[in-house]
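Architecture and fold: a report
The lines below spell out each chain.
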Amino acid sequence: MTSKQLHVAIISSPGIGHLLPVLLLGHRLATHHNLHVTILPVITTATSPALSQLLTSFTTNLSVIQIPAADISSISPPDASIVTQLCVMMRETIPAIRTTVSSMASRPHVLIGDIFATESWVIAEEFGIPKYVFVTGNAWFTGLFTYSPVLDMQIVGQYVDQKDPLEIPGCKPVRPEDVVDPMLNRDHETYGVYIKQAIGVALADGMLINTWEDLEPQSLDALRTNEILRSVINHKPVYTVGPVIKRHESHVLKNEVVEWLDKQPERSVIYVSFGSGGTISVEQMKELAWGLELSKQRFVWVVRPPTEQCSDGSFLKAGQSGGPDGCPSGPCGYLPQGFLTRTEKIGIVVSSWAPQVEILNHRSVVGFLTHCGWNSTLESITSGVPMIAWPLYAEQKMNATMLTEELKVAVRPEVLPTKKVVGREEVARMVMDLVEGEEGKGMKVRVNILKEDAKKAISENGSSYISVCKFVEDCWSRIK
Ligand code: UDP
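Note that the coordinates shown come from a computational prediction; the quantities given were computed from them, not determined experimentally. (Residues numbered from 1 in each chain as written. Predicted model: local features only at pLDDT ≥ 70, side-chain atom pairs only at ≥ 80, totals over all residues. Heavy atoms only, no water.)

1. What about the overall build of the chain?
What the chain contains, in helices and strands, is 18 helices and 14 strands. On C-alpha atoms alone, the chain measures out to a radius of gyration of 22 Å, which is about the 23 Å that the 2.2 N^0.38 rule sets for 480 residues. Taken over the C-alpha atoms alone, the chain extends approximately 65 × 55 × 50 Å along its principal axes. Out of the 480 residues in the chain, the part that is buried amounts to 60%. Within the chain, residue pairs in contact and separated by at least 24 positions form 74% of the contacts whose partners lie at least 6 positions apart. Of the charged side chains in the chain, 43 are positive and 51 negative; the average position of the first set lies 4 Å away from that of the second. (Helix = DSSP H or I, 4+ residues; strand = E, 2+ residues; numbered from the N terminus. Rg over C-alpha atoms; globule rule 2.2 N^0.38 Å. Buried < 20%, exposed > 50% of the residue type's maximum accessible area, 1.4 Å probe, protein only. Contact = heavy atoms within 4.5 Å. Lys, Arg positive; Asp, Glu negative; His and termini not counted. Charge placed at Lys NZ, Arg CZ, Asp CG, Glu CD.)

Dropping the structure here:
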């Protein structure tokens, strides 16, 4: 580190969906903007092989100091929601983060935390350094999230029972059924945790969002100029840093799936995956299998053991949140009898984990049936691959609505998969529309335009590049 270098420490909560963009943002800040970056990932005992591999793959240009998560088993009920568990875990880990920061040979000038790390603002205040939140989701979600404490005062009854969409000043309204998971039931303990989290996010000195200007002009404009929304985020600056995505490096990886894809015709394969932790029900798994078979289209399906209902069920569980060894009982056992044999010429089933970015960038992949996690969404867009939007949890329903109704790069089931099992005929129809239909062709054209926009945004002098330069400039002016 040189004396002129800005030193940024970035705290990440556990889970690939947050840690991956944190590492990628850190890498971008170090490589393109010459910052000294220390990543402080909070790591649980459930750390999967994929996550460990991820951590070791980011050693150039970055310092990574892993922080063991506090044991919360005695204070958080085992059936608490993921949001509650993560918030409690991050809060209880503050002393360990503080000790780490204070023992660093060179003290950071700036602290960045993801949306579960807001309790760590207290550390920034103790050290007298600015604190920024990195929203790994999009700007529309940021609008809803930060405005939730106001909705909490305005709306009577459950959000999901409202007749009209929820108005977020300056942004597109949010359909009641699309609200983020913690808003689904205001009587649940998670809701209070979520509102507190939203208030914490707004206390940061600024926000970095994993999006870019051309993708979400309306929501970004609202966060920057709408007086009501501005007052909610305390008139803090909003920087676009996206898309923060993993670069596809074709020479690096050759594995069984990629080798299988190499043998398939161009633009013929549907990739099916529900992120690092998404699970579906036994019944849904069977219908999805039958649907793929009926469609007669080629597929790669990352299969995980089913749960009672669609959920984020395997997120913090040892060995399951994205690890090739995560399925001791063999998830394929839940597929319809004979499915694997009948589809062996057109499909391949992978247990729990696959090299997603490599798959999406493969010439034979034509579409992505996705749970609409924001990282998966960005990876699909930046690979020019249209989607079947199958949202499960978190803010994925909003993402699905954005993809289908606004950006028009995805189709989706008529009824939310979290409300009703999607039948085999509907699955087959969506797959065929995407692979063979006119709709698929239109989506492909639009997604390629977004792909180019994304590339421009992060290239030198693109909007996200300039926004990061502004962030760095603002950091310097705050610490001088
Ligand atoms: N991922 C992967 N292989 C898999 C499943 C997931 O590489 O089999 C990666 C995926 O590329 C993405 C991340 O895990 O970068 C999942 O993040 P996302 O925001 O899409 O969903 P989450 O897992 O947080 O719900």
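2. Points about the nonpolar core
Of all hydrophobic cores here, the largest spans 95 residues; its most connected members are Ile97, Leu144, Leu151, Met183, Tyr271 and Val300. Among the elements that take part in this core, helix α6 (residues 139–154) stands out by supplying eight residues, more than any other. Setting aside chain neighbours within four positions, we find Ile97 in contact with Ile11, Leu40, Val42, Ile67 and Ile123. Judged by nonpolar contacts, the second largest core, of 34 residues, contains Val22, Leu35, Phe58 and Ile112. (Core = buried A, V, L, I, M, F, W, Y, C linked by side-chain atoms within 4.5 Å.)

3. Overview of the packing of helix α1 (residues 16–33) against helix α2 (residues 49–56)
Following both chains from N to C, one finds α1 and α2 inclined at 10°, their axes separated by 11 Å at the closest point. Taken together, the axes of α1 and α2 are roughly parallel relative to one another. Facing α1, whose interface residues are Ile16, Leu19, Leu20 and Leu23, α2 presents Ala50, Leu51, Leu54 and Leu55. Taken together, the residues of the contact of α1 with α2 break down into eight nonpolar, no polar and no charged. (Axes fitted to C-alpha atoms, helices over the stretch in contact; angles between N-to-C directions. Parallel < 35°, antiparallel > 145°, perpendicular 65-115°, else oblique. Nonpolar A, V, L, I, M, F, W, Y, C, P; charged D, E, K, R; others polar.)

4. So, the pattern of salt bridges
Within the structure shown, the criterion is met by 22 salt bridges. Between Arg175 and Glu405 there is a salt bridge, with the nearest N and O atoms lying 3.0 Å from each other. Separated by 230 residues along the polypeptide, Arg175 in the loop between α6 and α7 (189–202) and Glu405 in helix α15 (residues 396–406) bring together distant segments of the chain. A relative accessible area of 30% places Arg175 in the partly exposed class. Between Lys397 and Asp181 there is a salt bridge whose closest N-O contact spans 3.6 Å. Pair noted here: Lys397 is in helix α15 and Asp181 is in the loop between α6 and α7, with a separation of 216 residues, a long-range link. (Salt bridge = Lys/Arg side-chain N within 4 Å of Asp/Glu carboxyl O.)

5. Thoughts on the sheet that holds strand β10 (residues 298–303)
Spatially, the six strands line up as an open sheet ordered β11-β10-β9-β12-β13-β14, and their pairing is parallel. The outermost strands of the open sheet, each flanked by one partner alone, are β11 (347–351) and β14 (410–411). With three bridges joining them, strand β12 (residues 365–370) and strand β13 (residues 387–389) adopt parallel strand pairing. Following the sheet pairing, Leu369 is matched in β13 by Ile388. Against the sheet, helix α11 (residues 282–295) makes contact with β9 (269–273), β10 and β12, and its axis sits at roughly 165° relative to β10, the strand it touches most. (Pairing = 2+ DSSP bridges.)

6. Overview of the confidence of the model for the chain
On average, residues of the chain score 92 in pLDDT, and 93% of them are at 70 or above. Segment residues 318–329: pLDDT under 50, and 29 contacts once partners within four positions in sequence are set aside and those in other chains are kept. (pLDDT = per-residue confidence, 0-100.)

7. Quick look at the site of the ligand
Ser276, Ala354, Ser376, Glu379 and Tyr393 are the nearest of the 20 residues found near the ligand. With respect to the ligand, the side chain of Ser376 contributes an N or O atom lying 2.5 Å from an oxygen atom. Tyr393 places a side-chain nitrogen or oxygen 2.7 Å from an oxygen atom of the ligand. When the ligand is considered free in solution it has 530 Å² of accessible area, and contact with the protein chains removes 93% of it. Contributing elements (two or more residues each) for the shell around the ligand: α1 and α14 (374–382). (Near = heavy atom within 4 Å. Polar contact = N/O pair within 3.5 Å; in protein donor to acceptor, adjacent residues only side chain to side chain. Areas by Shrake-Rupley, 256 points an atom, 1.4 Å probe, with all protein chains shown as cover.)

8. With respect to the packing of aromatic side chains
Under the counting rule described, the total for this entry stands at ten aromatic pairs. Relative to Phe471, the ring of Tyr239 lies with its centre 5.4 Å away and its plane at 70°, an arrangement referred to as edge-to-face. Separated by 232 residues along the polypeptide, Tyr239 in strand β8 (residues 238–240) and Phe471 in helix α18 (residues 463–479) bring together distant segments of the chain. Three or more aromatic residues joined by ring pairs form one cluster here, namely Tyr132, Tyr239 and Phe471. If you follow Arg186 out to its NZ or CZ, it ends over the ring of Tyr159, 4.4 Å from the centre. (Phe/Tyr/Trp six-rings, centres within 6.5 Å; stacked < 30°, edge-to-face > 60°. Lys NZ or Arg CZ within 6 Å of the ring centre and 35° of its normal.)

9. Things to note about the state of the cysteines
Counted according to the given criterion, the structure contains zero disulfides. Not part of a disulfide, Cys475 finds its nearest cysteine sulfur in Cys469, a span of 12 Å. A relative accessible area of 0% places Cys475 in the buried class. (Disulfide = S-S within 2.5 Å.)

10. Some words on helix α8 (residues 217–225)
Listed as buried for α8 are Ser219, Leu220, Ala222 and Leu223. Down the axis of α8, the sector holding all buried residues measures 155°, keeping them to one side. In this structure, the buried residues of α8 make contact with α6, β7 (207–209), α9 (227–232) and β8. (Arc of directions from axis to C-beta.)

11. Considering the environment of His7
On the secondary structure map, His7 appears in strand β1 (residues 7–12). In this structure His7 comes out as buried when scored by relative accessible area, which is 1%. At a separation of 2.7 Å, a polar atom in the side chain of His7 contacts the side chain of Thr38. A distance of 3.0 Å separates polar atoms of two side chains, one belonging to His7 and the other to Ser106.

12. Here's the deal with unusual backbone geometry
For the bond from Gly242 to Pro243, the omega torsion is 0°, close enough to zero to count as cis. The topology assignment puts Pro243 in the loop between β8 and α10 (256–262). At Arg267, a residue that is not glycine, the phi angle is positive and equals roughly 45°. For Arg267, the location among the structural elements is in the loop between α10 and β9.

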